[in-house]
Amino acid sequence: MSKKNGIDAFSRRAFLRSAATFGAVAVAGAASAQDALNEIINSPRRGSWDDQFDAKGASRTATTVVSNTPVFGPETIAHVQQAIFDYQNIVSQGGWPSVQTSVKLELGVTDPSVQQLRQRLMVSGDLPRSAGISSSFDSYVEGAVKRFQARHGLPADGVIGEYTLKAINVDANTRLGQLQTNLVRLQSMSGDLGRRYVMVNIPAAYIEAVENGRVALRHTAIVGKIDRQSPILNSKIYEVILNPYWTAPRSIIQKDIMPLMRKDPTYLARNSIRLFDGSGGEVSPETVDWNAEKAPNLMFRQDPGKINAMSSTKINFHNEHQVYMHDTPQQGLFNKLMRFESSGCVRVQNVRDLSTWLLKETPGWSRQQIEATIKTGVNTPITLAEEVPVFFTYITAWSAKDGVVQFRDDIYQRDGATELALQTPYGVEQSPGSVDQDALPQ
C-alpha cells in the first residue's frame, strides 16, 4: 500500500510538472492555433442537416470503443505512449476549441455552436474532417458524439447533456497531463498478472475478468463513494459464498440498528436478522434493552435470502480493509451514471456470471449447480481450486486498441487537476458512517 501511495504522490507531481511544461508549449502554439484549425474551418461547408445522413455512422459509435483487449494488456503502455505523442501534437497546435451553447444540442438542431462542436470532435478524432463544417447537428455529428461519450464512460445517446459538455470542454493540455499521470500507474502494473485475473477499475466503476490475455467478462460495478473510498489493492480471490450471511459490524449496531429498533421493534424480524450470544445460542430481541446507552454484546446476523444485504453472492479475497465483492438486492443502482455509492466494498452486476467464471476450474460447480444451490437458500462457502488474482486499480486514462483513448472522471481527486474531478457533490456523505454502512438492510 505504501508503494501505491507513493505512486499516487509521484503521479500528482508528474501531472503538475507536465501541466507547466505543456502549458508553455500551448502558449507558444497559441499564435498558430488559427493556422492549426484552418484545415478544419475551411473544410467543405455543409447544408441543412437533413441533406447529411451518415449511412456508416455506426462505425463511429460506441461499438468501435468496445474491445476484448484488457486495460492491463501487454500493448496498453505502447498505446498510451502513442496517445501522449498524439496529444502533445494537439497541444502544440493550439488544442481544441471549447463549446459554448445555450441550447440543447442533439440531432436536428441548427445552431452556430455546432460549428465549434464539429471542430472539437474533429481535432480529437471522433468526427472525420470530410464531414465538413456547418451549424447543423446531423447524423455525422450524432455518431461522433456517441463515440466521444463511449470513450468517456458516458451514456452514448448522441445528445450534448451536462456531463458530456463538461467532458468536451476539458482542454487538451489537461487531458495530456492525465495520460502522463496514468502511464506511471500502468507501468507499475506491467508484467505477468496471471493466466486468469480480475481487475476492478474504480474510476470507471467496472470490472474485467481476464483470461489468457483477453477480456472474458465485463461487469458494471458500484464502488466506494468519495469519502468512503474503495482501496487500491493487489490480492487473490479464494472463496465464493452462495447465500451468504451478513453479520453487522459493531459500529452499525450501535449507530444504526439500535436507533432503528427504538423506532420500529419489528425491524430485525422484517429483515431476517437474528441475535446470537457468545456460545451460539439465539437470543430473543424482546429481551434486549434497546434504550441502553451501549449496544448488547451479541452477534447480529442476517439470514441468506433475497433481502440479504449481499443477496445471492459474496466473493472473498485476502485484504486488511475488510472489503469484498458482492451481489445486491438493489439492482437499479447499476443503471445510474454515477455509481459511487458504496462504503468501500464493490457490488457486481450479473455477479452469477462472474461466480461461474471464477468457479469453472473448481470441480462440481457448473452454472447449473450454482443456480440450484442459490435456490436452496442454504449458506454455501466454496473454496476455489486455484486462487485468482484480483487488482483494485485507479486508472482514469488509457488506450488499449486502435488509438481509442479512454478517459474517466477523477472521482477521488488523485490526478492533480480540478477539471478532472467529478463535477457533482453526488456520492459525498455529509456525516461519516461505518465502513460497511452500504450493506445495512433497509
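Residues numbered from 1 in each chain as written. Predicted model: local features only at pLDDT ≥ 70, side-chain atom pairs only at ≥ 80, totals over all residues. Heavy atoms only, no water.

Caption draft 1: Structural view of the sheet that holds strand E5 (residues 246-247). Reading across the sheet, the four strands line up as E5-E8-E6-E7 and stay open at both edges, with antiparallel pairing between neighbours. What marks the edges here is a single partner per strand, and that holds for E5 and strand E7 (282-283). (Pairing = 2+ DSSP bridges. Helix = DSSP H or I, 4+ residues; strand = E, 2+ residues; numbered from the N terminus.)

Caption draft 2: Region of interest: the packing of aromatic side chains. Here the structure, examined in full by the defined rule, presents six aromatic pairs. Here the aromatic rings of Tyr-197 and Phe-391 are separated by 5.7 Å at their centres, their planes lie at 75 degrees, and the arrangement is edge-to-face. Of this pair, Tyr-197 sits in strand E1 (residues 196-201) while Phe-391 sits in strand E13 (residues 380-393), and the two are 194 residues apart along the sequence. Taken as a pair, Tyr-197 and Phe-391 share a single burial class, namely buried. Ring centres 5.4 Å apart and planes at 55 degrees place the aromatic pair Phe-317 and Phe-392 in the tilted group. Of this pair, Phe-317 sits in strand E9 (residues 313-317) while Phe-392 is found in strand E13, placing the two residues 75 residues apart along the sequence. A relative accessible area of 4% places Phe-317 in the buried class. (Phe/Tyr/Trp six-rings, centres within 6.5 Å; stacked < 30°, edge-to-face > 60°. Buried < 20%, exposed > 50% of the residue type's maximum accessible area, 1.4 Å probe, protein only.)

Caption draft 3: Local environment of the pattern of salt bridges. Under the criterion given, the structure shown has 16 salt bridges. Two residues, Arg-118 and Asp-138, come together in a salt bridge whose shortest N-O distance is 2.8 Å. Taken together, the residues span a long stretch of sequence, with Arg-118 in helix H4 (residues 113-123) and Asp-138 in the loop between H4 and helix H5 (139-151) at a distance of 20 residues. Note on accessibility: Arg-118 and Asp-138 belong to one class, buried. Glu-211 is the partner of Arg-196 in a salt bridge, and the nearest nitrogen-oxygen pair spans 3.9 Å. Here Arg-196, found in strand E1, pairs with Glu-211, found in strand E2 (residues 206-211); they are 15 residues apart in sequence, far enough to count as distant. Connected through shared salt-bridge partners, Arg-352, Asp-353, Arg-367 and Glu-371 make up one network. (Salt bridge = Lys/Arg side-chain N within 4 Å of Asp/Glu carboxyl O.)

Caption draft 4: Layout of the pairing of strand E15 (residues 404-407). A two-sided burial pattern is seen for E15, the buried positions comprising Val-404 and Gln-406 on one face and Val-405 and Phe-407 on the other. Sheet topology note: the strand E14 (residues 397-401)/E15 ladder contains four bridges and is antiparallel. Each bridged residue has a counterpart across the sheet, and for Ser-399 the counterpart in E15 is Val-405. Between E14 and E15, which pair antiparallel one after the other, the connecting turn spans two residues, and Asp-402 there sits at a positive phi close to 50 degrees.

Caption draft 5: Representation of the packing of H4 against H5 within the structure. Packing of H4 against H5 brings their axes to within 11 Å, and their N-to-C directions diverge by 55 degrees. Viewed along their axes, H4 and H5 adopt a mutual orientation that is oblique. The handedness of the crossing between H4 and H5 is left-handed. Packed against H4, whose contacting residues are Leu-117, Arg-118, Arg-120 and Leu-121, the element H5 presents Val-141, Ala-144, Val-145 and Phe-148 at the interface. For the contact of H4 with H5, the per-class residue count stands at six nonpolar, no polar and two charged. (Axes fitted to C-alpha atoms, helices over the stretch in contact; angles between N-to-C directions. Parallel < 35°, antiparallel > 145°, perpendicular 65-115°, else oblique. Left-handed = near helix turned anticlockwise from the far one by under 90°. Contact = heavy atoms within 4.5 Å. Nonpolar A, V, L, I, M, F, W, Y, C, P; charged D, E, K, R; others polar.)

Caption draft 6: Structural detail: the nonpolar core. With 58 residues, the main nonpolar core has Val-198, Ile-237, Phe-300, Met-325 and Leu-358 as its most contacted residues. When sequence neighbours within four positions are dropped, the list of residues in contact with Leu-358 reads Arg-196, Val-198, Ile-237, Val-240, Ile-315, Leu-384 and Val-388. Within the second largest apolar cluster, 30 residues are counted, among which are Phe-72, Ile-90, Val-91 and Met-199. (Core = buried A, V, L, I, M, F, W, Y, C linked by side-chain atoms within 4.5 Å.)

Caption draft 7: Broad picture of helix H3 (residues 76-92). Taking 1.5 Å per residue, 17 residues should reach 24 Å; H3 reaches 24 Å between its end C-alpha atoms and fits that length. Turning to H3, its buried residues are Thr-76, Val-80, Ala-83, Ile-84, Tyr-87, Ile-90 and Val-91. Angular distribution of buried residues about the axis of H3 spans 120 degrees; they occupy a single face of the element. (Expected span 1.5 Å × (residues − 1). Arc of directions from axis to C-beta.)

Caption draft 8: The arrangement of helix H10 (residues 351-359) in detail. Where burial is concerned, most of H10 is hidden: seven out of the nine residues are buried. Looking only at H10, the buried set comprises Val-351, Leu-354, Ser-355, Thr-356, Trp-357, Leu-358 and Leu-359.

Caption draft 9: Main features of unusual backbone geometry. In this structure, Ser-272 takes a positive phi of about 55 degrees despite not being glycine. Mapped onto the elements, Ser-272 comes out in the loop between helix H9 (267-270) and strand E6 (273-276). Overall, Ser-272 belongs to the partly exposed group, its relative accessible area being 28%. Phi at Asn-350 takes a positive value of approximately 55 degrees, unusual for a residue other than glycine. Assignment of secondary structure puts Asn-350 in the loop between strand E12 (346-348) and H10.

Caption draft 10: Representation of the environment of Glu-419 within the structure. With respect to the helices and strands, the residue Glu-419 is situated in the segment after E15. Leaving out residues up to four positions away in the same chain, Glu-419 has contacts with Val-170 and Thr-174.

Caption draft 11: Region of the structure containing the pairing of E9. For E9, the buried fraction is high: five of the five residues fall into the buried class. Going residue by residue along E9, you find Thr-313, Ile-315 and Phe-317 tucked away on one face and Lys-314 and Asn-316 tucked away on the opposite face as well. Across five bridges, strand E4 (residues 233-242) lies against E9 in antiparallel orientation. Counterpart to Val-240 in the pairing with E9 is Ile-315. Pairing of E9 with strand E10 (residues 325-326), which is carried by two bridges, proceeds in the antiparallel orientation. In the sheet register, Ile-315 faces E10, and the bridge partner there is Met-325.

Caption draft 12: Examining the packing of H3 against helix H7 (residues 172-188) more closely. Where H3 meets H7, the axes come as close as 9 Å, and the angle between the chain directions of the two elements is 160 degrees. Of the possible angle classes, the one that applies to H3 and H7 is roughly antiparallel. H3 and H7 meet at a crossing whose hand is left-handed. Of the residues in H7, those in contact with Thr-76, Ile-77, Val-80, Gln-81, Ala-83, Ile-84, Tyr-87, Gln-88, Ile-90 and Val-91 of H3 are Ala-172, Asn-173, Arg-175, Leu-176, Leu-179, Gln-180, Leu-183, Leu-186 and Gln-187. A per-class count over the contact of H3 with H7 returns 12 nonpolar, six polar and one charged.

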